Amino acid sequence: MYKIVDIFYSLQSEDTYVGVPSIFVRFYGCNLGCYFCDDEKHRGNFDVLTQEELLEKLKNFTCKQVVITGGEPTIYNLNELIGFLQDEGYYVCVESNGYELGNVKKADWITYSPKNWDEIESEGFSEYKFIVATVSEVDKILALQSDKPIYIQPENHFDSANIVNVKYCIDFVKAHPHLKLSVQLHKYLGVE
Ligand code: SF4
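About the cut-offs
Residues numbered from 1 in each chain as written. Predicted model: local features only at pLDDT ≥ 70, side-chain atom pairs only at ≥ 80, totals over all residues. Heavy atoms only, no water. Helix = DSSP H or I, 4+ residues; strand = E, 2+ residues; numbered from the N terminus. Rg over C-alpha atoms; globule rule 2.2 N^0.38 Å. Buried < 20%, exposed > 50% of the residue type's maximum accessible area, 1.4 Å probe, protein only. Contact = heavy atoms within 4.5 Å. Areas by Shrake-Rupley, 256 points an atom, 1.4 Å probe, with all protein chains shown as cover. Lys, Arg positive; Asp, Glu negative; His and termini not counted. Charge placed at Lys NZ, Arg CZ, Asp CG, Glu CD. Salt bridge = Lys/Arg side-chain N within 4 Å of Asp/Glu carboxyl O. Patch = residues over 30% accessible without salt bridge, like charges linked within 9 Å, V, L, I, M, F, W, Y side chains within 5 Å.

Colleague: If you had to explain the overall build of the protein to someone new, which residues and values would you point to?
Modeller: Tallying secondary structure elements over the protein gives 6 helices and 9 strands in all. In terms of C-alpha radius of gyration, the protein reaches 16 Å, essentially the compact-globule figure of 16 Å for 192 residues. The C-alpha extent of the protein, read off along each of the three principal axes, is 50 × 35 × 30 Å. The buried share of the protein, reckoned over its 192 residues, is 47%. Considering only contacts in the protein between residues 6 or more positions apart, those separated by 24 or more positions represent 56%. Surface accessibility of the protein: about 9600 Å² in total, with carbon and sulfur atoms responsible for 49%. The averaged location of the 29 negative side-chain charges in the protein is 3 Å from the averaged location of its 17 positive side-chain charges.

Right under this line is the structure:
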């Protein structure tokens, strides 16, 4: 049984799969409480669904790409669910703060967005995403040695871009071209 706050169809607006139509499955809860988090999105009411019930809801959409997000989905062991969806033909992506990456290791693609930059994992995921503001300790990002994509995403307002942070991130990426910019495209397009 899975605690699901929301299921919606939109475009992936961040990182490697930006622009790809995707079904988002938002799980309830998180192990952290970041000050910039829009808590309502993952601490609101939730449904408790079996994997079969979840599949039926996914079938409402003409899409085979699923993004499991939260909150923090790795507070649950989701490998059985991920395998079930893959057997049904879905490509399963996960967005995680790295709480327990082993709980989603069957996923096809894992975006790891560390929140404690003093303890950054190096394996068990596909790409990094750092949420960056002008005051961020970006030297810790520059110290990373990795072949994985490293995305820099401006810390934005809940429903719009923070232009100061966006400009800072653009300059940061241009100065360090092994990095890539992730812009939360949905906040520019006005989609969910
Ligand atoms: S890790 Fe993500 S979901 Fe959890 S509190 Fe921080 S921003 Fe919110």
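Colleague: Please provide a residue-by-residue account of the pattern of salt bridges, values included.
Modeller: Pairs can form between side chains of opposite charge once their charged atoms are near each other. For the structure shown, the criterion picks out 6 salt bridges. One salt bridge in this structure joins Glu-14 and Lys-129, with 2.4 Å as the shortest N-O distance. Here the residue Glu-14 occupies a position in the loop between strand 1 (2-11) and strand 2 (21-27), and Lys-129 occupies one in strand 7 (residues 127-132), the gap between them amounting to 115 residues. Residue Glu-14 is classed as buried on the basis of its relative accessible area of 9%. What makes Lys-129 buried here is its relative accessible area of 6%.

Colleague: Got a sec to walk through a nonpolar patch on the surface? Specific residues and values, please.
Modeller: A contiguous nonpolar patch, built from Leu-11, Tyr-188, Leu-189 and Val-191 and spanning about 330 Å² of accessible area, is present on the exposed surface. Positionally, Tyr-188 belongs in helix 6 (residues 186-189). According to the relative accessible area criterion, Tyr-188 is partly exposed, its value standing at 42%.

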